[in-house]
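These are the residues of each chain, in order.
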Amino acid sequence: MDTNAKPTAAKRTIGVATPDPVLAVEDLTMYYATRAGDVRAVDGVSFAVQRGESVGLVGESGCGKSSIAMALLKLLPENARLIRGKILLNGADLAPLSDDEMREHRWNHIAMVFQAAMNALNPVYRVGDQIIEALDAHIRSTPEISMERVRELFDLVSLDPGFIPRYPHEYSGGMKQRAGIAMALACEPDLLIADEPTTALDVIVQDRILKELRKVQEALYMSLIYISHDMAVIAEVSHTVGVMYAGRIVEWGETVDVFHRPIHPYTQTLMSAFPSVTGPKHELGMLSGEPPNLLTPPPGCRFHPRCPYATDVCRSEEPPIVRSGSHWAACWHPLDGAAA
Amino acid sequence: MAGYLLRRTVQILLTLFVFLTIVFFLVSAQPGDITRLYSMDPSLPPETRANLQELFGVNEPLWKQYLVHLKNTLTGNFGVSFSLYPRTVGDVILERLPRTLVLFATATVISFYLGFALGKIIAWRRGGWVEYTSTLGGVSLYTVFTPWFGLMMIWLFAFKAGWLPIGKFLDPVVWRDAPTDSNTIFNLMLATVAGVTVVVFAVAVATKKKRLAAAPLLQAGAITVATAAVVGVWLASGVGHLAFDLVKHMILPVATLTLISFAGTMLLTRNSMLEVIREDHVMVARAKGLPEKVVRDKHVARNALLPVVTSFVFSLAFAIDGGVIIESVFSWPGMGQTLVSATVSEDLPLAVGAFVFVGIFVLVAHLAADVLYAYLDPRVRYR
Ligand SMILES: Nc1ncnc2c1ncn2[C@@H]1O[C@H](COP(=O)(O)OP(=O)(O)O)[C@@H](O)[C@H]1O
Ligand code: SF4
Ligand SMILES: [Mg+2]
C-alpha cells in the first residue's frame, strides 16, 4: 500500500469535509457552447484531493476528463462556460477569479503535464529557457539560481543536464515528456495534473515515465491527479480513483477497492475492457454501444442505454449515491450489495 | 546551418546563371541589333556600317556573344551607356543602386514592422475597430492602382499641403553652393544609418545574452544616445541641411511604398497568428501563468513570424514592380527609373546592366532572408 494512504481516506466523499484537502471541487459544471447546443462536458462534479495523495481519473475518451483538468486551471477555450461550482484550492475558491488573478495560481500552485503527443514545448526556444521562463513568472531569483534549479529538475527526472540548452526537436518523445514533467515541477506546485502523459509513448518508455512520476510525487509529497483512459495505468499510479462517465463521476474510492469490488456497472464494464488489471481476459463485448452524446445526455442515469442492469427507474430518475467500504457510486442497482 | 546556407548559396548562384542566360537571349531575340540605331543612318558608308558591326561583335555567332556576355557580367564590365555617354554602365549603376537600396530597405523594414505589429494586434483582439480599419485600409491600399496612389500622395502632401517636395532626389536650390556632391552625402548618410544599426543591435544582443533586468532601458538608452550623436555630428558638419534635403525627398516615396505593401504582411501575420494560437505550446505558455502580452509576443508571434518571413521572401520579386513604378512616379533616380529610361531610349548596355543588377539584388535579398530564417528557426539552424 502507498505511503500516502491515510486512515481518513475511507471518508472521502462528496461534500464531506476532509482533513487536509489541497483541492476540493464542488458541483463543478462546465459547458461548451456549440452551434448544436451546449455540450455538457463537466456536469456537477465533486471530489477532493488530499495533500500528497495521488488520484486517478479514468473513463472513456470524450467523457470530460481533459475538460475537468482545464477547468481547474481555468484555461478554457472561448466557447466554454463555467456554469457553477467551486474550485477550492487550499480553501480559496478559484472559480470567480479573473484571468489575471488566476495567473499567480497557474503553475505556482497547480501545474500540468500534458499529453506526450502534444507539442507542449515551443520549438523556437531552448528547453532550459522554457523552464526558466516558468520559474521567472512566479519566483524572484537570479539567473544563476534559476539555472541551478533547472539542473536540479533535470536530475530529478533523470535527464542529461547537457540537454538543458538544447532545442525541443533534439529531444526524443520520452525525453520531451520528462522535460515536461521537470517544467511542471519547477515551482513545486501543490497539485500536479497529468493528462494522459504517457498515452503516445511506447510501452517501455511509458512505464519508465510512470515510475518517474510516482517517484517524484512521493518524494515531493505532492498531490497528483492522473488522467487516463487506461485502467492498468491508473492502478499503477493512483491511490484513489474516480471513474467518469458522460461528464460525471460515477464511482470514487480507493483504487484497490474500486478495482477489486466495483459497485457501479460502468466500472465493472471498464474493468473487463482492461483485463490486465484484474487478471484473466473477460468478454470485451460489454463495452459496446455508443458513448453518450453530451449534447442531449440520456435522462436518469446516463449509462442506462448501455447498462445490462438498467430498469425503468434508471431511465427516468437520477441515481442516488451509494457507499460500500471506502467507495461510493451513483447507481440504482449497485453491485456487491452497496447501500444508499 | 552551414550546410543549409551552402545549399542555398549554390541554388542562388544557379538561379543567377539561369537569369543571366534568359536576359541575354531575351535581348538577342529582339528584332535587329544594337548597331541598327546607327546603321539606319543613310549617310553612313557601308564600310563604317561593317566596322560598327565588327566593333559591337554582332556578327559573331550567338554562343560566342553569350560567352562574352557571361564573362563581362561576371567581371562587372557592362560597357558604356549610350544615353549617358561617355559614362560606363558600372558607374551609373554604382551611383543609383544605393538610392534604390535605401528606398527599398527603408520601406520594406517599415512596412514589415508595421504589418507585423498590426497583424499581431488584430489577431489577438478580433472584431475590434482596429481590425476593421486596418484590414479595410490595408487591403484597399494593397489592391489600389499604384501609379494613381503615388500621384494622389503627391497631390495631397506635396501639392495641396506643400509639406514635402513633389519628387526627385534633391532640391537644386539647396545644393547650388554645396561643397560636395549628393552621392557623397547620401553614401555618408547610409554609412551612418548602418553604424547606428550595428550599435543598437550589438547592445540588444549583449543585454539579452546577460538577461539583464534593465535590458529595455539600456536598449532605449543606446538608441537615444546613438541618434543624438548622429544628429549632433551631422548638424555640426555643415552639410546637415543637405542631408535633410535628401531625407525630405525620401519621405513621400518611402511612405507610398510602405503603404501599398504593409497589408500583405499584416494579413499574413494575422492568419499565421491564428494558426499558432491553436498550437499546444501556447496553451502550455498560458498554463505557466505567463502574462497575456508575453504569450502573444514571445510565444505566438515569434512562431507566427516564420511563415511570414518565408512568404515575404517570395513577395520581394513583386515588390520590385512596385519599386519601378514608384521611382518613375516620384522621379527618383534609382535603378527602377534607370531601367525604364534605358529601355525607352534603347540604351541597351544600361538596360541589360540594370536588369542584371535588379536580378542580383533580388537574389541577394533572398539569401539574406534565408539567413534570417535560419537564424529564426532552430530546426533549420541546427541541421
Ligand atoms: N472546445 C470545445 N467545444 C465543444 N466541445 C468540446 C470542446 N472541447 C471538448 N469538447 C467535447 O467535450 C467532451 C469532453 O471532452 P474531453 O474533456 O476532451 O474528454 P476526454 O479528455 O475525457 O477525452 C467531448 O465530447 C468533446 O467532444
Ligand atoms: S443506475 Fe441503472 S442504468 Fe445506471 S448504472 Fe446503475 S443500474 Fe445501470
Ligand atoms: Mg483528454
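Residues numbered from 1 in each chain as written. Chains lettered and ligands numbered in written order. Predicted model: local features only at pLDDT ≥ 70, side-chain atom pairs only at ≥ 80, totals over all residues.

Q: Is there a simple way to explain the overall build of chain B in this structure?
A: The helix and strand inventory of chain B stands at 16 helices and zero strands. Classification of the 383 residues of chain B by burial places 29% in the buried group. Pairs at least 24 apart in sequence give 72% of the contacts found in chain B among residues at least 6 apart. (Helix = DSSP H or I, 4+ residues; strand = E, 2+ residues; numbered from the N terminus. Buried ≥ 20, exposed ≤ 12 C-beta atoms within 10 Å, placed from the backbone. Contact = placed C-beta atoms within 7 Å.)

Q: Even after reading the chapter, I still don't get unusual backbone geometry, so can you show me in this structure?
A: The step from Tyr 85 of chain B to Pro 86 of chain B runs through a cis peptide bond, and the omega angle for that step is 10°. Within the secondary structure, Pro 86 of chain B sits in the loop between helix H4 (62–74) and helix H5 (89–124). If you check the backbone angles, Glu 188 of chain A has positive phi at about 45° while not being a glycine. With respect to the element layout, Glu 188 of chain A can be found in the loop between helix H5 (173–185) and strand S7 (191–195). What makes Glu 188 of chain A partly exposed here is the crowd of 13 C-beta atoms within 10 Å. The phi dihedral of Ala 246 of chain A is positive, around 50°, even though this residue is not glycine.

Q: Sorry if this is basic, but what is going on with the sheet that holds strand S4 (residues 80–89) of chain A here?
A: Remark on secondary structure: sheet strands pair via backbone hydrogen bonds, oriented parallel or antiparallel. All names here are of chain A. Strand order in the open sheet formed by four strands is S2-S1-S4-S5, and the pairing between neighbours is antiparallel. Every interior strand has two partners, whereas the edge strands, strand S2 (37–50) and strand S5 (92–93), have only one. Two elements, strand S1 (residues 21–34) and S2, share ten bridges in a ladder whose sense is antiparallel. Bridged to Met 30 within S2 is Val 42. With respect to the sheet, helix H1 (residues 65–72) is in contact with S1, S2 and S4, its orientation differing from that of S2 by roughly 70°. (Pairing = 2+ DSSP bridges. Axes fitted to C-alpha atoms, helices over the stretch in contact; angles between N-to-C directions.)

Q: Any chance you could explain the site of ligand 1 here in plain terms?
A: Residue and element names in this part refer to chain A. Every one of the 15 residues lining ligand 1 counts as a neighbour, but Tyr 32, Ala 41, Lys 65, Ser 66 and Ser 67 are closest to it. Looking at the shell around ligand 1, the elements that each hand over two or more residues are S1, S2 and H1. Ranked by residues supplied to the shell around ligand 1, first place goes to H1 with three residues. Of the residues that constitute the shell around ligand 1, the class distribution is six nonpolar, eight polar and one charged. (Near = placed C-beta within 6 Å. Nonpolar A, V, L, I, M, F, W, Y, C, P; charged D, E, K, R; others polar.)

Q: I would appreciate a short explanation of the interface of chain A and chain B in the present structure.
A: One widely used convention gives an interface's size as the accessible area the parts lose upon coming together. With 23 residues of chain A in contact, the opposing surface of chain B contributes 19 residues. Tallying contributions element by element places helix H3 (residues 127–138) of chain A first for the side of chain A that touches chain B, with four residues. For the side of chain A that touches chain B, the residue count by class is 14 nonpolar, five polar and four charged.

Q: Help me understand the packing of H5 of chain B against helix H14 (residues 335–344) of chain B, please; the structure alone is not making it clear to me.
A: Packed helix pairs are specified by the crossing angle of their axes together with the interaxial distance, meaning the distance between the axes. Residues and elements named next belong to chain B. Axis separation between H5 and H14 bottoms out at 8 Å; the angle between their running directions is 130°. If you check the angle between H5 and H14, you find them oblique. Contacts between H5 and H14 involve Val 92, Arg 96, Leu 97 and Thr 100 from the first element and Met 335, Gly 336 and Thr 338 from the second. Partitioning the contact of H5 with H14 into residue classes produces three nonpolar, three polar and one charged. (Parallel < 35°, antiparallel > 145°, perpendicular 65-115°, else oblique.)

Q: Just checking my understanding: could you explain the confidence of the model for chain B for this structure?
A: Note that predicted coordinates carrying low pLDDT should not be read in detail. All names here are of chain B. Taken as a whole, chain B shows an average pLDDT of 86; of its residues, 96% reach a score of 70 or greater. For chain B, helix H2 (residues 36–39) is the element with the lowest average pLDDT, namely 68, and helix H12 (residues 280–287) is the one with the highest, namely 95. Among the prediction metrics, the complex's ipTM stands at 0.87, with pTM recorded as 0.84. (pLDDT = per-residue confidence, 0-100.)

Q: Looking at this model, I keep getting lost on the confidence of the model for chain A. Mind explaining?
A: Residues and elements named next belong to chain A. Put simply, chain A has an average pLDDT of 87, and 89% of its residues get 70 or more. Segment residues 1–18: pLDDT under 50, and 26 contacts once partners within four positions in sequence are set aside and those in other chains are kept. Every residue in residues 280–286 is under pLDDT 50, and counting partners more than four places away or in other chains gives nine contacts.

Q: Would you take a moment to explain the sheet that holds strand S6 (residues 110–113) of chain A for this structure?
A: Residues and elements named next belong to chain A. Strand order in the open sheet made by the eight strands is S6-S7-S8-S3-S9-S10-S12-S11, with mixed pairing throughout. Unpaired on one side and paired on the other, S6 and strand S11 (321–324) mark the two borders of the sheet. Direction aside, neighbouring strands of the sheet carry axes that sit 20° apart on average. Relative to S7, S6 runs parallel, the two being bridged by four bridges.

Q: Is there a simple way to explain the pairing of S4 of chain A in this structure?
A: Regular strands have side chains that alternate between both faces of the sheet. All names here are of chain A. By the bridge criterion, eight bridges tie S1 to S4 in an arrangement that is antiparallel. By the bridge assignment, Leu 23 is partnered in S4 with Leu 89. Direction of pairing for S4 relative to S5: antiparallel, over a ladder of two bridges. Bridge pairing in S5 links Leu 89 to Ala 92.

Q: I would appreciate a short explanation of the nonpolar core in the present structure.
A: Among the nonpolar cores identified, the biggest contains 104 residues, and Ile 131 and Ala 182 of chain A are the most heavily contacted of them. In this view, Ile 131 of chain A contacts Val 150, Leu 153, Ala 182, Met 183 and Ala 186 of chain A; residues no more than four positions away in its chain are not counted. Membership of the second largest hydrophobic core comes to 56 residues, among which are Phe 112, Met 153, Met 266 and Val 356 of chain B. (Core = buried A, V, L, I, M, F, W, Y, C linked by C-beta atoms within 7 Å.)

Q: What is the right way to look at the packing of H5 of chain A against helix H6 (residues 203–219) of chain A in this model?
A: Residue and element names in this part refer to chain A. Interaxial distance between H5 and H6 falls to 10 Å at its minimum, and their mutual angle equals 15°. What the angle tells us is that H5 and H6 run roughly parallel. Here the hand of the crossing between H5 and H6 comes out right-handed. Where H5 approaches H6, its residues Gly 173, Gly 174, Gln 177, Arg 178, Ile 181 and Leu 185 are matched on the opposing element by Val 205, Ile 209, Glu 212, Leu 213 and Val 216. Classifying every residue of the contact of H5 with H6 gives six nonpolar, three polar and two charged. (Left-handed = near helix turned anticlockwise from the far one by under 90°.)

Q: Help me understand the environment of Glu 251 of chain A, please; the structure alone is not making it clear to me.
A: Residue and element names in this part refer to chain A. In this fold, Glu 251 is placed in strand S10 (residues 248–254). Since 29 C-beta atoms lie within 10 Å of it, Glu 251 is described here as buried. Measuring from C-alpha to C-alpha, the distance between Glu 251 and Ile 83 comes to 23 Å, with 168 residues separating the pair along the chain.

Q: Please clarify how helix H9 (residues 265–273) of chain A should be interpreted in this entry.
A: Since there are 3.6 residues in each turn of an α-helix, residues three or four apart along the chain are aligned in direction. A large share of H9 of chain A lies buried, amounting to seven of its nine residues. Buried residues along H9 of chain A sit against strand S3 (54–58), helix H7 (231–237), strand S9 (240–245), S10 and helix H8 (255–260) of chain A.

Q: Would you take a moment to explain the pairing of S9 of chain A for this structure?
A: Residues and elements named next belong to chain A. Extensive coverage of S9 is indicated by the burial of six of its six residues. Covered by surrounding structure in S9 are Thr 240, Gly 242 and Met 244 together with Val 241, Val 243 and Tyr 245, the residues of both alternating faces. Bridge count between S9 and S10: six bridges; the pairing is antiparallel. Residue pairing across strands places Val 243 opposite Glu 251, the latter belonging to S10.

Q: Got a minute to help me understand H14 of chain B in this structure?
A: Buried within H14 of chain B we find Met 335, Gly 336, Gln 337, Thr 338, Leu 339 and Ala 342 of chain B. Positive phi appears at Glu 346 of chain B, one or two residues downstream of H14 of chain B, with a value of about 55°.

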